[in-house]
Amino acid sequence: MAAEPVVYGASERPPRGDYARARPDYTCTQDWNAYTAQDHDTYRRLYERQSAQLPGLACDAFIAALPRLGARERIPRLDDISEHLHRATGWELVSVPGLIPEVPFFTLLAHRKFPVTDWIRTPEEFDYIVEPDIFHDLFGHVPLLFDPVFADYVQRYGEGGLKAERLGACEMLSRLYWYTIEFGLIRQPEGLRAYGAGILSSAGELRYAVQSPEPQRLPLRLERTMRTRYKIDSFQQTYFVIDSFEQLFAMTDPDFGPMYERLRKQPELAANARDPDDGDNATDAESYPGFRCMLER
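Small disclaimer: the values here were computed from a predicted structure and weren't measured.

### Regarding the packing of aromatic side chains
Across all of its chains, the model carries 21 aromatic pairs by this definition. With centroids separated by 4.9 Å and ring planes inclined at 25°, the aromatic side chains of phenylalanine 135 and phenylalanine 139 adopt a geometry described as stacked. In this pair, phenylalanine 135 and phenylalanine 139 are both assigned in helix H5 (residues 134–141), four residues apart and thus about one turn of the helix distant. Residue phenylalanine 139 is classed as buried on the basis of its relative accessible area of 0%. Residues phenylalanine 150 and tyrosine 153 carry aromatic rings whose centres are separated by 6.1 Å and whose planes lie at 45° to one another, so their mutual orientation is tilted. One end of the pair is phenylalanine 150 and the other is tyrosine 153, both in helix H6 (residues 148–167) and three residues apart, which spans about a single turn. Residue tyrosine 153 is classed as buried on the basis of its relative accessible area of 1%.

Quick look at the structure:
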């Protein structure tokens, strides 16, 4: 076996995916001909269900770029998308058998290579899947890689991840990934919208994250975000909001080394914690333009 399977968190379930096909960097060849008619139909149904929910909930940049994934009737060939993606932002897609370790993951991102899991969920897992599959990775993550600023942010995250690994700060930085790339919200003139892949590819969390009065929504602050634990088995209890991708990119420009040292001296925060430093910055969905009209639809 060229690469060892990866398990994150406490789990006795073996990792999904055929790691025997993986190279030492965890990439593998997408065996497109191995997908069955059922696999393609599952992708089509997932795409149709999720794309129908996007208006009024997903950010404009995501909606504009989604057609660049190609035909929705079947699982795309990664090489076909990479050809267009590389011309747009210099990124390419690489196939991986499933979850991969932090250092190979950071290394791929730093070299503008986005790892896409090559298997798809079964029909029995249509509504919920534990690990990311090709639908989550393609539909949720790839469209925004066509946005030059967001694409640069993801590369910068990979570079920062390699440094965080050397400094023993991967857990802190992983929370920034979770609350931005996976579960980030953005404020647009017409209201709150989602840009995080975990929200955009979820049938239930997309509407919840943008419209529900239950979770708290806070302006993104790096140290607050990297102190906050997150949920992996339920909808998020806290979301962090940005004003633009340019703002997000600018926030990651400073050297994180001194920040990690400060964070080590501060307590972690629960996923639903209200911190005194939040002050009046804590916001509900009602405070964003367009919230009430969305609820009335």
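We are not done yet, so read on.
### Observations regarding H6
When the terminal C-alpha atoms of H6 are compared, their 29 Å separation across 20 residues agrees well with the 28 Å that a helix rising 1.5 Å per residue should span. Within H6, the full set of buried residues consists of Phe150, Ala151, Tyr153, Val154, Gln155, Tyr157, Gly158, Gly161 and Ala164. The inward-facing, buried residues of H6 abut helix H3 (78–89), helix H4 (102–110), helix H7 (170–182), helix H11 (245–251) and helix H12 (257–264). Of the residues trailing H6, glycine 168 is marked for its positive phi of about 65°.

Cut-offs used in this document
- Think of each chain on its own: its residues are numbered from 1, step by step along the sequence as written.
- Where totals are concerned, whole chains, interfaces and linings use all residues; where local detail is concerned, this predicted model gives features only for residues with pLDDT of at least 70, and gives and counts side-chain atom pairs only at 80 or more.
- Side-chain figures throughout are based on the complete set of non-hydrogen atoms in the structure, without hydrogens or water.
- In this analysis, rings of Phe, Tyr and Trp, with Trp reduced to its six-membered ring, are considered paired at centre separations within 6.5 Å, and the interplanar angle assigns stacked below 30 degrees, edge-to-face beyond 60, and tilted for intermediate values.
- Helix and strand definitions follow DSSP, with helices as H or I runs of at least four residues and strands as E runs of at least two, each counted in order from the N terminus.
- Buried means the residue's accessible area, taken with a 1.4 Å probe over protein chains only, is under 20% of the maximum for its type, while exposed means over 50%, and partly exposed covers the values in between.
- Given the number of residues in a helix, its expected span is that number minus one, multiplied by 1.5 Å.
- Here, two residues are considered to be in contact whenever any of their heavy atoms come within 4.5 Å of each other.

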